[in-house]
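The chain contents come next:
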Amino acid sequence: MTGPTQRTTPAVTADERAAEASEAEQRLAEAQESGRGRPAWAPLPRRAAPKATSALLSLRTPLSASARWKLAVLSFAIPFLAWVLLSVSGVVNPTFLPSPVAVVRAGVDMASTGELFDDLWATTQRVLEGFGLAILVSVPLGILMGGFSAGQAFFEPLIGLLRYLPASAFIPLLIIWLGLGEPSKIAILFIGTVFFNTLMTADVVRGVPGALLDVSYTLGARRGEVLRKVVVPHSLPGVIDAIRVNAAAAWNFVVVAELINSSAGLGYRIVRAQRFLQTDKIFAVLVVIGVAGLLIDVLLRLLRTRVGKWAA
């Protein structure tokens, strides 16, 4: 009876494995010498066992709640202390860098007259209208571009071009088209944020795993149901993150928008204070803008956590 003989020896011993490894290394060395193998690699250096490091210096290591709070406090305390030291030491002229006390006093004075709250409401209203309109346009358009290849092929070239055009360059045209009133200011906010929010939303939608779509179709879901019950819920946390990022851009553009014949608004107040070198008022308005933006960011974070706990 002919045929391949079956191996009946016991398991390979450690000596036999070492001999096989030695033969393999010898064959590899011969191949390298003859030019038929890959170039030789330098041996890895011998390293000691890695030392235990703090969670603060470890890659993507979760932090405790107390550590997060301490770092958050330090992120505000260090710049504030630097500001205090510079103003107290007299290194910088108070005209250019007022002290924190002078800034607080200027803010209290503007709040006591009511002009600070009027300006804050006027600016907030413009942000809500301009950026809100951008969200209403960009989110559905981003879902269309991210969910359908035809939508991406049709819209992305044009939007990719328009996003490089600075919104401030449209000011002369907007004045001609819409006049000096509120529509031109809202249009600047819209132009400055809609294109970026559209592309970021499309990227989020394209990140939906294809396995989820395949399973949905396998279970009998139709295209509209997949879009409504799978794509949109899965993308919603990322869409909110995109809105958070572009909300900061909206607050930046509102200052530019309020340069157009404004009689109220935080940007208008900054320009008015600049004419009289009232840097304490400028800093006070900047603090108000920062606090208002931070509150909006916190609200959007809470909304993201509530609607997308699975993505946290």
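Everything below is about the structure printed above this text.
This structure is a prediction, so every number in the text was calculated from the model and none was measured.

A.B. asks: Run through the nonpolar core, naming residues and quoting values.
C.D. replies: Formed by 49 residues in total, the largest nonpolar core has its most connected members in Phe131, Ile188, Trp251 and Leu266. Residue assignment for this core shows that the elements contributing at least two residues are α3 (100–113), α4 (115–147), α6 (171–178), α7 (182–206), α9 (223–257), α10 (266–275) and α11 (279–307). Per element, the largest residue contribution to this core is eleven residues, and it comes from α9. Not counting chain neighbours up to four residues away, the residues in contact with Ile188 comprise Ala167, Ile171, Leu174, Phe253, Ala257 and Ile260.

A.B. asks: Residue-level account of α10, with values.
C.D. replies: Where α10 is concerned, the buried positions are Leu266, Gly267, Tyr268, Arg269, Ile270 and Ala273. Looking at the packing, one finds that the buried side of α10 touches α3, α4, α9 and α11. Leu277 lies just past α10 and shows a positive phi near 55°.

A.B. asks: Explain unusual backbone geometry to me, and be specific about the residues and the numbers.
C.D. replies: Unlike most non-glycine residues, Leu277 shows phi in positive territory, near 55°. Checked against the element boundaries, Leu277 lands in the loop between α10 and α11. Residue Leu277 is classed as exposed on the basis of its relative accessible area of 59%.

A.B. asks: Quick one: what's the story with a nonpolar patch on the surface, residue by residue and with numbers?
C.D. replies: On the surface, Leu56, Leu57, Leu71, Leu74 and Ile78 cluster together to form a nonpolar patch covering roughly 530 Å² of accessible area. Mapped onto the elements, Leu56 comes out in the loop between α1 (14–33) and α2 (65–89).

A.B. asks: Please set out the pattern of salt bridges residue by residue, giving values where relevant.
C.D. replies: Close approach of charged atoms lets side chains of opposite charge pair. Enumeration over the complete set of coordinates arrives at nine salt bridges. Between Glu115 and Arg269 there is a salt bridge, with its nearest N and O atoms 3.7 Å apart. Residue Glu115 is located in helix α4, and its partner Arg269 is located in helix α10; the two are separated by 154 residues in the primary sequence. On the basis of relative accessible area, Glu115 is assigned to the partly exposed category, the value being 23%. The exposure class of Arg269 is buried, given its relative accessible area of 12%. One salt bridge in this structure joins Asp203 and Arg206, with 2.5 Å as the shortest N-O distance. On the criterion of helical spacing, the pair formed by Asp203 and Arg206 is a turn pair, its members being three residues apart in helix α7.

Conventions we followed
- Residues numbered from 1 in each chain as written.
- Predicted model: local features only at pLDDT ≥ 70, side-chain atom pairs only at ≥ 80, totals over all residues.
- Heavy atoms only, no water.
- Core = buried A, V, L, I, M, F, W, Y, C linked by side-chain atoms within 4.5 Å.
- Buried < 20%, exposed > 50% of the residue type's maximum accessible area, 1.4 Å probe, protein only.
- Helix = DSSP H or I, 4+ residues; strand = E, 2+ residues; numbered from the N terminus.
- Contact = heavy atoms within 4.5 Å.
- Patch = residues over 30% accessible without salt bridge, like charges linked within 9 Å, V, L, I, M, F, W, Y side chains within 5 Å.
- Areas by Shrake-Rupley, 256 points an atom, 1.4 Å probe, with all protein chains shown as cover.
- Salt bridge = Lys/Arg side-chain N within 4 Å of Asp/Glu carboxyl O.

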